[in-house]
Amino acid sequence: MNRTTLSLIAGTTALAAVTGFAALSAPDAPGTDTAAKAAAQLPVERTSLLCPAPSTSDLAETSYTSFTPVTKGTGSGGKAELREAAEESADGEDKGKDKGKGKDDGKSGEVKPTKPVLTSKEPGKPVTGDSSGGDAPALVGTADGRFAPGWTVQETTEVAAGTGRGLQGVNCTAPDTDFWFPGASTDADRTDYVHLTNPDDSAAVVDLELYGKDGALKSAVGEGITVPPHSSEPVLLSTLTGERQTNLTVHVNVRSGRVGAAVQALDDKLGGDWLAASTDPSGSLVLPGIPEDATSVRLVAFTPGDADADLKVRLASPSGPITPAGHETVHVKGGMTSAVDLGDVTRGEAGSLVLTPTDRSVPVVAALRVVRGKGDKQETAFIPATRPVGTRATSADNSGKASTLSLTAPGAAATVKVTASAGSEGGTPVSKTYTIKAGTTQDIEPPVPGGLKGTYALTVETMSGGPVYGARTLTASEGGVPAFTVQTLPDDRGTVAVPEADEDLSVLQR
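As the structure is a prediction and not an experimental result, all values here were calculated from the model. (Residues numbered from 1 in each chain as written. Predicted model: local features only at pLDDT ≥ 70, side-chain atom pairs only at ≥ 80, totals over all residues. Heavy atoms only, no water.)

**Some details on the overall build of the chain**
Worth spelling out the cut-off: Secondary structure elements are taken from DSSP: a helix is a run of H or I of four residues or more, a strand is a run of E of two residues or more, and numbering for both begins at the N terminus. Methods summary: accessible areas were calculated by the Shrake-Rupley approach with a probe of 1.4 Å, and residue burial reflects only the protein chains presented.
From N to C terminus, the chain includes one helix and 40 strands. A total accessible area of about 21700 Å² is found for the chain, and carbon and sulfur atoms account for 49% of it.

**Things to note about the state of the cysteines**
Note the cut-off: The disulfide criterion used throughout: a pair of cysteine sulfur atoms within 2.5 Å. Exposure categories follow from relative accessible area, calculated using a 1.4 Å probe and restricted to protein chains: below 20% of the type maximum is buried, above 50% is exposed, and the middle band is partly exposed.
Enumeration according to the criterion identifies one disulfide in this entry. Paired by a disulfide, Cys51 and Cys172 hold their sulfur atoms 2.0 Å apart. With the S-S bond torsion at 110 degrees, the cross-link from Cys51 to Cys172 turns out right-handed. Placement of the pair is Cys51 in strand S2 (residues 46-51) and Cys172 in the loop between strand S11 (166-171) and strand S12 (178-184), with a sequence separation of 121 residues. Accessibility assignment for this pair places Cys51 and Cys172 in one class, buried.

**Details of the packing of aromatic side chains**
A ring pair, where both rings are aromatic, is described by two values, the distance of the centres and the angle of the planes. For clarity, the cut-off: Any two of the Phe, Tyr and Trp rings considered here, Trp counted by its six-membered ring, make a pair once their centres fall within 6.5 Å; the pair's planes then place it as stacked at under 30 degrees, edge-to-face at over 60, or tilted in between.
Per the counting criterion, the structure on display carries four aromatic pairs. Measuring from centroid to centroid gives 6.4 Å for Trp180 and Tyr211, while their planes differ by 40 degrees, and the two rings are tilted. Of the two residues, Trp180 sits in strand S12 while Tyr211 sits in strand S14 (residues 204-212), which places them 31 residues apart along the sequence.

**A word on the side chain of Thr455**
What counts is decided by this rule: The contact rule is simple, with two residues in contact once any of their heavy atoms fall within 4.5 Å.
Secondary-structure assignment places Thr455 in the loop between strand S36 (450-453) and strand S37 (456-465). Owing to a relative accessible area of 15%, Thr455 belongs among the buried residues under this scheme. Each residue touching Thr455, except ones within four places of it in the same chain, is listed here: Thr65, Pro126, Thr128, Asp397, Asn398, Ala422, Gly423 and Ser424.

**Some remarks on the nonpolar core**
Note the cut-off: Among the buried residues, those of types Ala, Val, Leu, Ile, Met, Phe, Trp, Tyr and Cys that are joined through side-chain atoms within 4.5 Å form a nonpolar core.
Of all hydrophobic cores here, the largest spans 29 residues; its most connected members are Leu287, Leu299, Leu353, Leu355 and Leu368. Excluding residues within four positions of it along the chain, Leu299 makes contact with Val330, Ser338, Ala339, Val340, Leu342, Leu353, Leu355, Ala366, Ala367 and Leu368.

**Describing the side chain of Thr488**
Applicable threshold: Definition of a polar contact: a pair of N or O atoms within 3.5 Å, with one able to donate and the other able to accept a hydrogen when the atoms are protein atoms, and with sequence-neighbouring residues admitted only if both atoms are side-chain atoms.
Its place among the elements puts Thr488 in strand S39 (residues 481-488). Assessed through its relative accessible area of 12%, Thr488 is described here as buried. A distance of 3.5 Å separates the side chain of Thr488 from the side chain of Thr386, its partner in a polar contact.

**Comments concerning the pairing of strand S22 (residues 294-302)**
Defined as follows: When DSSP finds two or more bridges between a pair of strands, those strands are recorded as paired.
Burial runs high along S22: eight of the nine residues are buried. Strand direction decides the pairing type here: S22 and strand S28 (residues 365-374), joined by eight bridges, are antiparallel. Bridging from a neighbouring strand, Ala301 pairs with Ala366 of S28. In this structure, S22 lies alongside strand S26 (residues 337-343), joined through six bridges in antiparallel fashion. Each bridged residue has a counterpart across the sheet, and for Ala301 the counterpart in S26 is Ser338.

**With respect to unusual backbone geometry**
One non-glycine residue, His230, adopts positive backbone phi at about 50 degrees. Since its relative accessible area comes to 14%, His230 is described here as buried. Phi is positive for Asp397, which is not a glycine, with a value near 65 degrees. If you trace the backbone, Asp397 turns up in strand S30 (residues 393-398).

**Let's talk about the layout of surface pockets**
Inclusion rule: A cavity here means a set of points on a 1 Å grid, drawn over the protein atoms and nothing else, where a 1.4 Å probe fits but cannot get out; a pocket is an open set with protein on both sides within 12 Å along at least five of seven lines, and a residue lines either one if it has an atom within 4 Å of a point. Grid points are joined across faces, edges and corners, and a volume is the space filled by probe spheres set on the points. Each residue receives one of three labels: charged for Asp, Glu, Lys and Arg, nonpolar for Ala, Val, Leu, Ile, Met, Phe, Trp, Tyr, Cys and Pro, and polar for the others, Gly being one of them.
As a volume, the second largest pocket reaches approximately 570 Å³. Together, 27 residues line the second largest pocket, and Val70, Thr71, Thr391, Arg392 and Glu461 are the ones closest to its centre. Elements supplying a minimum of two residues to the lining of the second largest pocket: strand S1 (39-43), strand S32 (414-420), S37 and strand S40 (495-499). For the lining of the second largest pocket, the element with the highest residue contribution is S37, accounting for four residues. Taken together, the residues of the lining of the second largest pocket break down into nine nonpolar, eleven polar and seven charged.

**Quick word on the environment of Val286**
Within the secondary structure layout, Val286 lies in strand S21 (residues 285-290). As for Val286 and Thr356, which are separated by 70 residues in sequence, their C-alpha atoms are 8.8 Å apart. In this view, Val286 contacts Leu353, Pro384, Ala385, Thr386, Thr408, Pro410 and Tyr469; residues no more than four positions away in its chain are not counted.

**Points about the confidence of the model for the chain**
Heads up, the condition is: pLDDT is a per-residue confidence score from the predictor, ranging from 0 to 100.
With 85% of its residues at a pLDDT of 70 or more, the chain shows a mean pLDDT of 87. Taken together, the stretch residues 87-112 has pLDDT below 50 and engages in 41 contacts with residues farther than four places along the chain or on a different chain.

**Describing the sheet that holds strand S8 (residues 127-132)**
Formally: Interaxial angles span 0 to 180 degrees and are taken between N-to-C directions of axes, which are lines fitted to C-alpha atoms, for helices over the stretch in contact.
Reading across from one edge, S8-S3-S10-S11 is the order of the four strands in this open sheet, with antiparallel pairing throughout. Looking at strand neighbours, the two that pair on one side only are S8 and S11, the edges of this open sheet. The average angle at which neighbouring strand axes cross in this sheet is 15 degrees, direction not considered.

**Points about the pattern of salt bridges**
Inclusion rule: The rule for a salt bridge is simple: a side-chain nitrogen of Lys or Arg has to be within 4 Å of a carboxyl oxygen of Asp or Glu.
Within the structure shown, the criterion is met by ten salt bridges. We note a salt bridge from Arg83 to Glu81, for which the minimum N-O separation is 3.3 Å. Ionic pairing is found between Arg372 and Asp293, a salt bridge with its closest N-O pair at 2.8 Å. Note that Arg372 is positioned in strand S28 and Asp293 in the loop between S21 and S22, a separation of 79 residues in sequence. Look at Arg372 and you get buried, because its relative accessible area is 11%. Look at Asp293 and you get partly exposed, because its relative accessible area is 38%.

**Some points on the environment of Ala367**
Secondary-structure assignment places Ala367 in strand S28. Accessibility expressed as a relative area gives 2% for Ala367, which makes it buried. As for Ala367 and Phe181, which are separated by 186 residues in sequence, their C-alpha atoms are 7.7 Å apart. Here Ala367 is in contact with Pro182, Leu275, Leu287, Arg298, Leu299, Val300, Ile383, Pro384 and Ala385, once residues within four sequence places are set aside.

**Quick word on the sheet that holds S37**
One open sheet accounts for four strands, arranged S30-S37-S32-S34; its pairing is antiparallel. Each end of this open sheet is capped by a strand with a single partner; those strands are S30 and strand S34 (430-436). Adjacent strand axes in the sheet meet at a mean angle of 25 degrees, parallel and antiparallel pairs treated alike. By the bridge criterion, seven bridges tie S32 to S37 in an arrangement that is antiparallel. Within the sheet, the bridge partner assigned to Lys417 lies in S37 and is Glu461.

Written out as structure tokens, the structure reads:
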């Protein structure tokens, strides 16, 4: 393979770390076969993840778990590190100096970087860290080489009392330019923040658009929000509008640069959790992993276009698809947020919600607000619509009895392999294969590493059959409150398709 071809492949793979997919093509030469050759799947070479500031509560206890699954073909180099946001930029300027970040060594213009908060030691073994109180900063992370493909970081916070008390969890997100959050609120009992984290050396400019039951809410202060380099900005949604809306859709549109985004939804009575972004607008959506003991489930949906969407509502249960009585369909008006209270739709069984168009397909985003418990002992979590598990998906920060893995195959039956990694402090990996019947959801007790010490990661791989969607639920007991948090399991996009080089590329040789 010549040097030019190697450079092309390296460039394409680097692009894939940002976009999740890249394809390489060359101009067709006269008389050559234009059919594309089969593409090779190569590991991405660099991944970025951003973790929002976990809490402002003095009672908060936060843990971080970093994990990279073992991936073939990655070589032996690389690293994965998490650092505080608002550190120095690449040109040496201390972007967080006014906030006390970084350390001046006494030489003009030179700032020494602070040490990494968390550094992975080897793929296949989690590493953990923790913080206490309400001053923990947002984190910016990068992984390269053998640590990049499938890198996952989980942020989990326990809050003993006050607004948002309970268990809050979020997968640290990759930077992007477009996010949709159906399920946010400016209701009197809610305190919702959208956290914007900028990992780059230049400022990002962001528009925050709010959509309620009657359409867009006017908000001049939501336009042109500047997020400085290497910093994080929490924006309180109630400061963007004077309207009290129980159900909102938030659109994060990045004009310049890129950010990581997540909504922290805190309730005075129902606890709180992180609301992750819905998958890209689509005509059909799957929202997996509704706990079997859910006492209340609310569907919040939004279509970005002008056309209305009519959706069939189906619950994939352990025995097959079920149509919820009285909620056979949902009508979503164009540009308006719709909400439907489904009650205890699972009726004591595991379930996943499947939305499909009744007629023509109209792109929609959606999320579920799920409540467990009764009376003053209730807790809330959110389940956004998500991508399939695909080739591989990973969930970090598992501890055995407190973890439940929920898998659904809304179409054809599928076979998956679930691997429990080594523990963060010791243990032997274990794998087990499961078959998910067509149209069903199965809550499984995941395998646990032999001789487990510490926490471990679960990696799900689709072996055969139709698409599988998944979610992991963590539970804890907080003064009699059934605290919980749910994270979906989308494909980790740890590899990229790179077409095999052929003679057509010889025109690029020098």
